[in-house]
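Coordinates in review
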Amino acid sequence: MLLCHAGPHRLAFRAHEVASITSPGERAVVSARRAFHAADGASRVLVSAAGGAVGVDALEIEAESHPVLPAPPAAVRASGGSLQGFVLVQGQLWPLVGLVDFERFLRGLGGEEAA
Amino acid sequence: MKAPEGLRGMARWTALPASLGSGVGMALALLHAWLTGAVEATDWDVLLFLVSLALVGSLWLIHLFGLRALRTLAALGEGRLTPTPEYLRAALLQARVFPERCFTFILQNWGVGGVCMALLFVPLADKADWKLGLRIVLTGVSLGPLSALLVYLLVARRARRAVEVIAAQGLTPLEVVAVAPPRRMHIRRRMVLFTAIAVLCPSLFILDASVSRTLRGVDDISKASTPEHKQAAADEASQGGGLAVAGLVTLLVMLTAYLGGTVIAEPLRSITEDATRIAQGDLRPPRVIAAEDEVWATSAAFAQMQAQLGQALVQLRRAGLQISTTTEQLLATSGEQESGADEQASSLNVTSATTEELARSAQQIAGNAESVSAIAETTFAAAQTGQRGAAAFLGAMQRMKEDNQAIADAVVRLNKRVQQIGKVVEFINEIADKSDLLALNAELEGTKAGEVGRGFSLVAAEMRRLAENVIRSTKAIEQLIEEIRDATHAAVMATEAGLKTTEAGTVLAAQVDESLSLILELARQTSHAVRSISLATQQQQTGTDQLAAAMGDILRVTEQNSAATKQMAAANADLASLAKDLKRVVERFHVGAGEEA
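Cut-off values and rules
- Residues numbered from 1 in each chain as written.
- Chains lettered and ligands numbered in written order.
- Predicted model: local features only at pLDDT ≥ 70, side-chain atom pairs only at ≥ 80, totals over all residues.
- Heavy atoms only, no water.
- Helix = DSSP H or I, 4+ residues; strand = E, 2+ residues; numbered from the N terminus.
- Buried < 20%, exposed > 50% of the residue type's maximum accessible area, 1.4 Å probe, protein only.
- Contact = heavy atoms within 4.5 Å.
- Areas by Shrake-Rupley, 256 points an atom, 1.4 Å probe, with all protein chains shown as cover.
- Phe/Tyr/Trp six-rings, centres within 6.5 Å; stacked < 30°, edge-to-face > 60°.
- Lys NZ or Arg CZ within 6 Å of the ring centre and 35° of its normal.
- Buried area = accessible area lost by both parts, 1.4 Å probe.
- Salt bridge = Lys/Arg side-chain N within 4 Å of Asp/Glu carboxyl O.
- Polar contact = N/O pair within 3.5 Å; in protein donor to acceptor, adjacent residues only side chain to side chain.
- Core = buried A, V, L, I, M, F, W, Y, C linked by side-chain atoms within 4.5 Å.
- Pairing = 2+ DSSP bridges.
- Axes fitted to C-alpha atoms, helices over the stretch in contact; angles between N-to-C directions.
- Parallel < 35°, antiparallel > 145°, perpendicular 65-115°, else oblique.
- Left-handed = near helix turned anticlockwise from the far one by under 90°.
- pLDDT = per-residue confidence, 0-100.
- Patch = residues over 30% accessible without salt bridge, like charges linked within 9 Å, V, L, I, M, F, W, Y side chains within 5 Å.
- Expected span 1.5 Å × (residues − 1).

**Regarding the overall build of chain B**
The helix and strand inventory of chain B stands at twelve helices and two strands. Mapped in sequence order, the helices and strands of chain B form the string α-α-α-α-α-α-α-α-α-β-α-α-β-α. With 597 residues in all, chain B has 38% of them scored as buried. Looking at chain B alone, contacts between residues at least 24 apart form 84% of all its contacts between residues at least 6 apart. A total accessible area of about 33,400 Å² is found for chain B, and carbon and sulfur atoms account for 62% of it.

Now the structure itself:
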């Protein structure tokens, strides 16, 4: 599991959804800060197997497995269906989102903002 | 006949006694001829005719002579000439010489007339011989001088009056004297001549009468035939009727003597009157006192003396007045001078004290000038030291400028090196970042591999930590490089500021050096000037000492001057008293208006 930070906010991704980790500038990236209505910015880019990429500010890899707590449907709908639940790691709740869905959700937020 | 007041008729009036004198002489001659019986009764017609002819001719000639001798006076009297000073002087000269000329003319007239009468009468008379002719000539010779003398005396008085009238027309007494200067001094000769005429003429007359009467008596007695006739002739001869004419002649001589005395006494009396008046203090303008010979000289000298005395008195009065005024002014001035001299002496005392004080001050100034000279020398040496220090400071500033420039160059080089180090660190940082990225991917793959990949994940995680440490270190190095860059930049700025400051300091040092050079030159000039001042002050001290001595001398002279002024004031007081005495003496004389002018 990848524990990421987007600004002051926390996010968690499943490790098998991430194909590789790259640096920004190698491809087109959407920033995870956009989900929290913050300015874009990233220091690391999570690349999915489908080619989607989401930029985060920092990340660490959690090798231990943790149970996933269900997420409320309203929160799932608010996240565009990308929120898969919450995990309790290091005494804190981390929202677990799917990388591809979250990347799509972020791009959708970018279109809304552009509109 | 009254004398005319002006020139009109003056010539005729002056010449009139000439005719009168001649007429008197003729009458006496006829009376003498009649009483002596020298002329027979038959010859009287001829005699009267000839005498009348001679009288008419004589009067005519005298008239012509008078007109000729007094022609200018006659012309002035008739208005044919303007009474200018020139004509007046000519008329005056003619009037002056007229009596003498008249005397000579009358004398000639009688001489020539007597001879002519004798020459004419003897041939024309029936009973006349040449002896009678000789008696006629003798009568003329004896009566001629007497008549001439009488005419002279009568004419002289009138001529004097004419001179006074002519002078009154515009000639001053001094001008009259200048026109007729008293050169001839013939009064002795005149007196001799007068005496001779007065003695000889009557003697001749009496001699002729006596001789003729004696001869006639002798003839009558000798012709008498009887004693009675002889007694009658003797009685007739002893009657002395012929001597009556001699008595008349003597009377005429007495009259002439009286006139002569009057002629001499008149001017002397006038002079005496004037002199008495002057002696009494009444000094009128001089008047013309006409006279002849020595008397005229006396009159002229008296007139000149009067004029001179009048002028002298006027001048003396003015001088006395001026002396009085001047003396009063002198007295006042002397008083002022005396007080001024006292004030001057007082001022000189103060000045002398001041001069002595000045001498002491000059001495003190000389001492101060010496001190100032020494200080100026010290200042000059200090200025020299300061100039050397300024030159050394300028060299140090130059070296500092070069050192600063070297520091600036070194800092620039250091900055370049730091930039190179930054690039290296950046490169290391990039490698570390890529290493971190690689470690992340490796850990991700190990995690994906599950339990199998756990060890791989741990290694990857460790590598990742190393990479992150490297990144943090490079970050720290970048921070340090940045700080070094800022520091070098600040060093560059400081060095540039230091360079500018050094340049400003160099400029200031150059200015200081220049100023010190100027100060050195001024100090040299000041030292020279102070030395000159010191020398001048010493000379001034000497001069002030001499001045003090001179002031002492002046003070003594002023005191002597003050004493002399007091003596002069006393002398002025005496002079004022003398001036008053002089004024009093002069005021005794009453000077006429003409002299006052």
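**Quick notes on the environment of Val 47 of chain A**
Residues and elements named next belong to chain A. Along the chain, Val 47 turns up in strand E5 (residues 44-48). Considered as a pair, Val 47 and Ile 21 are 26 residues apart in the sequence and their alpha carbons are 6.0 Å apart. For Val 47, the contacting residues outside a window of four places in its chain are Glu 17, Val 18, Ala 19, Ser 20, Thr 22, Arg 27, Gly 52, Ala 53 and Leu 99.

**Here's the deal with the packing of aromatic side chains**
Applying the stated criterion across every chain yields a total of five aromatic pairs over all chains. When the ring of Phe 65 of chain B is compared with that of Phe 98 of chain B, the centres are 5.8 Å apart and the planes differ by 20°; the resulting orientation is stacked. Of this pair, Phe 65 of chain B sits in helix H2 (residues 44-69) while Phe 98 of chain B is found in helix H4 (residues 85-124), placing the two residues 33 residues apart along the sequence. Where Phe 65 of chain B meets Phe 105 of chain B, the ring centres are 4.4 Å apart and the plane angle is 0°; that geometry is what we call stacked. Residue Phe 65 of chain B is located in helix H2, and its partner Phe 105 of chain B is located in helix H4; the two are separated by 40 residues in the primary sequence. For the pair formed by Phe 65 of chain B and Phe 105 of chain B, the shared burial category is buried. Among the aromatic residues, those joined into a cluster by ring pairs are Phe 13, Phe 102 and Phe 105 of chain A. Taking the ring centre of Trp 94 of chain A as reference, the NZ or CZ of Arg 10 of chain A above it sits at 5.7 Å. Over the ring of Trp 296 of chain B we find Arg 96 of chain B; its NZ or CZ atom is 4.4 Å from the centre of that ring.

**Details of the interface of chain A and chain B**
Contacts between the two partners involve 17 residues from chain A and, on the opposite side, twelve residues from chain B. Between chain A and chain B, a total of about 1,100 Å² is buried, with carbon and sulfur atoms accounting for 52% of that surface. Three residues stand out in chain A for area buried against chain B, namely Ile 21, Arg 44 and Ile 61 of chain A, and they jointly supply 48% of the buried area on that side. Seen at the junction of chain A and chain B, the total is three salt bridges. Arg 44 of chain A serves as the salt-bridge partner of Asp 433 of chain B, at 2.8 Å between the closest nitrogen and oxygen. Counting across the interface, chain A meets chain B through six residue pairs in polar contact (both at pLDDT 80 or more). Elements that contribute at least two residues to the side of chain A that touches chain B include exactly strand E3 (18-22) and strand E7 (58-61) of chain A. Ranked by residues supplied to the side of chain A that touches chain B, first place goes to E3 of chain A with five residues.

**Looking at the side chain of Arg 160 of chain B**
Residue and element names in this part refer to chain B. Looking at the element boundaries, Arg 160 is found in helix H5 (residues 130-168). Separated by 3.5 Å, the side chain of Arg 160 and the backbone oxygen of Ala 290 make a polar contact. Setting aside its immediate chain neighbours within four residues, Arg 160 contacts Val 263, Glu 266, Pro 267, Ala 290, Ala 291 and Glu 292.

**Describing the nonpolar core**
All names here are of chain B. Of all hydrophobic cores here, the largest spans 60 residues; its most connected members are Leu 73, Leu 92, Phe 98 and Ile 166. The element that contributes the greatest number of residues to this core is H5, accounting for 14 residues. Residues within four places of Ile 166 in sequence aside, it is in contact with Leu 7, Leu 73, Leu 88, Ala 91, Leu 92 and Ala 95.

**Some thoughts on the pairing of strand E6 (residues 53-56) of chain A**
All names here are of chain A. Burial along E6 is two-sided: Ala 53 and Gly 55 facing one way and Val 54 and Val 56 facing the other are all buried. Relative to E6, strand E4 (residues 30-31) runs parallel, the two sharing two bridges. Paired with Ser 31 across the two strands is Gly 55, which belongs to E6. Here four bridges tie E5 to E6, and the two strands are oriented antiparallel to one another.

**Comments concerning the packing of helix H1 (residues 10-36) of chain B against H2 of chain B**
Residue and element names in this part refer to chain B. Closest axis-to-axis distance for the H1/H2 pair is 9 Å, and the angle between their directions is 165°. For the element pair H1 / H2, the angle class is roughly antiparallel. Here H1 and H2 pass one another in a crossing that is right-handed. Taking contact as the criterion, the partners of Arg 12, Ala 15, Ala 18, Ser 19, Ser 22, Gly 23, Met 26, Leu 30, Ala 33 and Trp 34 in H1 are, on H2, Trp 44, Leu 47, Leu 48, Val 51, Ala 54, Leu 55, Ser 58, Leu 59, Ile 62, His 63 and Gly 66.

**Concerning the confidence of the model for chain B**
Residue and element names in this part refer to chain B. Scored by pLDDT, chain B has a mean of 83; 97% of the residues are at 70 or more. Helix H12 (residues 593-596) is the least confidently modelled element of chain B, averaging 49 in pLDDT, while helix H3 (residues 71-78) averages 90, the highest of any element. Scored by ipTM, the complex comes to 0.89, with pTM at 0.51.

**Description of a nonpolar patch on the surface**
All names here are of chain B. On the surface, Val 424, Phe 427, Ile 428, Ile 431 and Val 470 cluster together to form a nonpolar patch covering roughly 410 Å² of accessible area. Here the element with the most residues in the nonpolar patch is helix H10 (residues 293-449); it accounts for four residues. Structurally, Ile 428 is set in helix H10.

**Observations concerning the sheet that holds E4 of chain A**
Strands sit in the order E3-E5-E6-E4 (chain A) across an open sheet of four strands; the sheet is mixed. The open sheet has two edge strands with one neighbour each: E3 and E4 of chain A. Across four bridges, the pairing between E3 of chain A and E5 of chain A is antiparallel. Within E5 of chain A, the residue paired with Val 18 of chain A across the bridge is Ser 48 of chain A. Running over the sheet, H10 of chain B touches E3 and E5 of chain A and is turned about 165° from E3 of chain A.

**Brief notes about the environment of Pro 67 of chain A**
All names here are of chain A. Relative to the helices and strands, Pro 67 resides in the loop between E7 and strand E8 (68-69). In sequence terms Pro 67 and Leu 88 are 21 residues apart; their C-alpha atoms lie 7.6 Å from each other. In contact with Pro 67, other than residues within four places in its own chain, are Phe 86, Val 87 and Leu 88.

**What about unusual backbone geometry?**
Its identity as a non-glycine residue notwithstanding, Gln 90 of chain A has a phi of 55°, on the positive side. Structurally, Gln 90 of chain A can be placed in the loop between strand E9 (83-89) and strand E10 (92-97). The phi dihedral of Asp 293 of chain B is positive, around 55°, even though this residue is not glycine. With respect to the helices and strands, the residue Asp 293 of chain B is situated in helix H10. Among the residues examined, Asp 293 of chain B registers a relative accessible area of 7% and is labelled buried.

**Digging into H2 of chain B**
An α-helical turn contains 3.6 residues, so any two residues separated by three or four positions project in the same direction. Residues and elements named next belong to chain B. Spanning 26 residues, H2 covers 36 Å between terminal C-alpha atoms, matching the ideal 38 Å at 1.5 Å per step. Among all positions of H2, only Trp 44, Val 46, Leu 47, Leu 50, Val 51, Ser 58, Ile 62, Phe 65, Gly 66 and Ala 69 are buried. Buried positions along H2 lie against H1, H3 and H4.

**Some thoughts on the confidence of the model for chain A**
This prediction gives chain A a mean pLDDT of 90; 95% of its residues lie at or above 70. At the level of individual helices and strands, chain A shows its lowest average pLDDT in helix H2 (residues 99-114) of chain A, which scores 81, and its highest in strand E2 (residues 9-13) of chain A, which scores 95.

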